[in-house]
Amino acid sequence: MQLRYSFRLYPSAGQCSALSRAFGCARVVYNDALRARETARSQGLPFPKTGDLSKALITEAKNAPERAWLGEVSAVVLQQSLRDLDTAYRNFFDGLKGKRPRMGAPRYKSRKDTRQSVRFTANARWSITPGRKLRLPKIGDLKVKWSRSLPSTPSTVTVVKDSAGRYFASFVVETGPGELLPQSMPEVGIDLGLGHFAVLSDGTKADSPRFLRRAAKRLKKAQRDLSRKEKGSKNRDKARVRVARAHARVADARREFHHQLSTKLIRENQAVAVEDLAVKGLARTRLAKSVHDAGWSAFVSMLEYKAARYGRTFVRIGRFEPTSQVCSQCGVKDGPKPLHVRVWTCGACGAVLDRDINAAVNIARAAGLAVSACGAQVRPGLVPAPRGEAGTHSTPQPATARQAGIAVLQGGEDVNCVPQAALRPVPQRVDRQHSA
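The rules behind the values
Residues numbered from 1 in each chain as written. Predicted model: local features only at pLDDT ≥ 70, side-chain atom pairs only at ≥ 80, totals over all residues. Heavy atoms only, no water. Helix = DSSP H or I, 4+ residues; strand = E, 2+ residues; numbered from the N terminus. Buried < 20%, exposed > 50% of the residue type's maximum accessible area, 1.4 Å probe, protein only. Contact = heavy atoms within 4.5 Å. Areas by Shrake-Rupley, 256 points an atom, 1.4 Å probe, with all protein chains shown as cover. Pairing = 2+ DSSP bridges. Polar contact = N/O pair within 3.5 Å; in protein donor to acceptor, adjacent residues only side chain to side chain. Axes fitted to C-alpha atoms, helices over the stretch in contact; angles between N-to-C directions. Parallel < 35°, antiparallel > 145°, perpendicular 65-115°, else oblique. Left-handed = near helix turned anticlockwise from the far one by under 90°. Nonpolar A, V, L, I, M, F, W, Y, C, P; charged D, E, K, R; others polar. Core = buried A, V, L, I, M, F, W, Y, C linked by side-chain atoms within 4.5 Å. Expected span 1.5 Å × (residues − 1). Salt bridge = Lys/Arg side-chain N within 4 Å of Asp/Glu carboxyl O.

**Structural notes on the overall build of the protein chain**
Looking only at helices and strands, the protein chain has 10 helices and 16 strands in total. Sorting the 436 residues of the protein chain into buried and exposed places 44% on the buried side. Within the protein chain, residue pairs in contact and separated by at least 24 positions form 70% of the contacts whose partners lie at least 6 positions apart. With the model as given, the accessible surface of the protein chain reaches about 23600 Å², and the carbon-plus-sulfur share is 52%.

**Some thoughts on the pairing of strand S7 (residues 167-174)**
The element S7 is extensively covered by neighbouring structure, given that six of its eight residues are classed as buried. Across eight bridges, strand S1 (residues 2-10) lies against S7 in antiparallel orientation. Opposite Arg4, over in S7, you have Val172 as the bridge partner. Joining the antiparallel neighbours strand S6 (residues 156-161) and S7 is a turn of five residues, in which Gly165 adopts a positive phi near 80 degrees.

**Things to note about the side chain of Thr204**
Turning to its location among the elements, Thr204 is positioned in the loop between strand S9 (196-200) and strand S10 (205-207). For Thr204, a relative accessible area of 8% gives the class buried. Reaching out from Thr204, the side chain makes a polar contact with the side chain of Asp202 at a distance of 3.1 Å.

**A word on the packing of helix H1 (residues 13-42) against helix H3 (residues 75-97)**
At a minimum axis distance of 9 Å, the contact between H1 and H3 shows a crossing angle of 45 degrees. Our classification of the angle between H1 and H3 gives oblique. Seen along the crossing, H1 lies across H3 with a hand that is right-handed. Between H1 and H3, the contacting residues are Ala22, Cys25, Ala26, Val29, Tyr30, Ala33, Leu34, Arg37 and Glu38 on the first element and Val77, Leu78, Ser81, Leu82, Asp84, Leu85, Asp86, Ala88 and Tyr89 on the second. Across the contact of H1 with H3, the residue classes break down as 13 nonpolar, one polar and four charged.

**Some remarks on the pairing of strand S5 (residues 140-145)**
Along any regular strand the residues' side chains alternate between the sheet's two faces. Here S1 runs beside S5; their pairing, made up of three bridges, is antiparallel. The residue bridging Arg8 from the neighbouring strand is Lys145, located in S5. Direction of pairing for strand S4 (residues 133-136) relative to S5: antiparallel, over a ladder of four bridges. Residue pairing for S5: Leu134 is matched across the bridge by Leu142. The hairpin turn running from S4 into S5, its antiparallel successor, is three residues long, and Lys138 in that turn takes a positive phi close to 60 degrees.

**Here we look at the nonpolar core**
Leu9, Val118, Phe120, Leu134, Leu136, Val157 and Phe171 are the most contacted members of the largest nonpolar core, which has 45 residues in total. Ranked by residue count, the leading element in this core is H1, at 10 residues. Apart from residues no more than four positions distant in its own chain, Leu9 is found in contact with Leu134, Leu142, Lys143, Val144, Val159, Tyr167, Phe168 and Ala169. Counting residues in each nonpolar core, the second largest holds 32 residues, with Leu192, Leu200, Trp296 and Phe314 among its members.

**Here's the deal with H3**
Taking 1.5 Å of rise per residue, the 23 residues of H3 would be expected to cover 33 Å, and the 34 Å separating its terminal C-alpha atoms lies within 8% of that figure. Of the residues one or two after H3, Gly98 is the one with positive phi, at around 85 degrees.

**Things to note about unusual backbone geometry**
Non-glycine residue Lys138 carries a positive phi angle of around 60 degrees. Looking at Lys138, the relative accessible area reads 51%, which means it is exposed. One non-glycine residue with positive phi stands out, namely Arg210, at about 55 degrees. Locating Arg210 in the fold gives a position in the loop between S10 and helix H4 (211-214). A residue is classified by how much of its surface remains accessible, and Arg210, at 32% relative accessible area, is partly exposed.

**Notes on the sheet that holds strand S12 (residues 313-317)**
Strand order in this open sheet of five strands is S10-S9-S8-S11-S12, and the pairing throughout is mixed. Of all the strands in the sheet, just S10 and S12 have a single pairing partner and so form its edges. Sheet twist, expressed as the average angle between the axes of neighbouring strands with direction ignored, equals 20 degrees. Packed on one face of the sheet, helix H6 (residues 234-268) meets strand S8 (187-192), S9, S10 and strand S11 (271-275) and runs near 0 degrees to S9. In the packing of helix H9 (residues 296-310) onto the sheet, contacts are made with S8, S9, S11 and S12, and the angle to S12 comes to roughly 140 degrees.

**Section: the environment of Ser117**
As for its placement among the helices and strands, Ser117 is situated in strand S2 (residues 116-120). When the C-alpha positions of Ser117 and Ala169 are compared, they lie 9.7 Å apart, and in sequence the two are 52 residues distant. Ignoring sequence-local partners within four residues, the contact set of Ser117 consists of Phe23, Thr158, Val159 and Val160.

**What about the pattern of salt bridges?**
What the rule picks out here adds up to 17 salt bridges. Residue Glu72 pairs with Arg21 through a salt bridge whose shortest N-O separation is 3.3 Å. Note that Glu72 is positioned in the loop between helix H2 (50-59) and H3 and Arg21 in helix H1, a separation of 51 residues in sequence. Judged by its relative accessible area of 43%, Glu72 is partly exposed. Take Arg21: its relative accessible area is 35%, and that puts it in the partly exposed class. For Asp252, the salt bridge is made with Arg166, and the minimal N-O distance between the two is 3.0 Å. Taken together, the positions of Asp252 in helix H6 and Arg166 in the loop between S6 and S7 put the pair 86 residues apart, joining distant regions of the chain. Taking relative accessible area as the criterion, Arg166 reaches 16% and is therefore assigned buried. Through salt bridges with shared partners, a single ionic network connects Asp162, Arg166, Asp252 and Arg255.

Structural data, given as structure tokens:
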């Protein structure tokens, strides 16, 4: 499979100018090609082919006085810009045919876009120097912060400038079958939520870090400073970068957490099952901010590609499975329950079930995994013990909403009333690879 490795770049002032020139030339060629195709469509003419556009907008345009500056950048960058337009059209038409989710038609790029990128293929003859620098044609040798080694020789490299003004080199590499992990016995189901980010079928619960909520005060101050700056001024540009950097820190911390937890689950379990959540639907509710802060889709994508890479089994069950309504002990469907009900008693067998752990067990069983409720908070009985009597403390503890059995609606089925001893720390090993 193909993986993408990203490394931080530290270009000099002259190299930043060269990269800005490459970003601008690639954007101009993209917009010219899009304009040519839209003009042909409106006039009823045949759809221009990529070869014809390349000849007219790159080769011949370099000889014209108004486009002579296209020769200052690598021709491969301009060719890849045309390929990006082809990909955009292909995705648009595939969405109309139902082959993929629908997306809008290609749009013109703006020079004011805060994120810009250019791509170099092997034809550009880019290389990594003996001094471990990235040599790009007509740009120079860029300093790279190598956080890890590449598993194989990269096929392409994409230079990206994000909204925070940071530069990254993104390599696409091929991985072989030599990274398969040894067979492991555990098989686990995962119930994702907001109160706890992930609840496993073995009773383990991982807290939701809520990175965006924790950084809300700092983000609010940075955004307030930005709103007070005069539009078009240099100070406003500086304030915008400060806001972007604050958001980038939140995104980086969230991605780090996703990588740590997903790597831990893949290494310790032979099979992993998750529920196909309707994230787009939940993002239109009053819980939208918390849903986006959790980042379920990115986490599930990491689980999927890491399972394929390391030889694990990944299963995604349907979102309409009644995982919270079925007793994991006897299999009797007890019907829907309000969200504030976090622990319930099965009317058929009398088992006392934790709502989230019961859902995780049912997710694993719906995926066909051989799991049990061993170790989970499931026990026979008629009435669960009050939370205040379920444990002992060296000093009296104040009454809280959790101890009083009052569940706060956090979205989905993920607000849990469990002792903190049920939590397990996430290992510090990081696996930052991304699926290409």
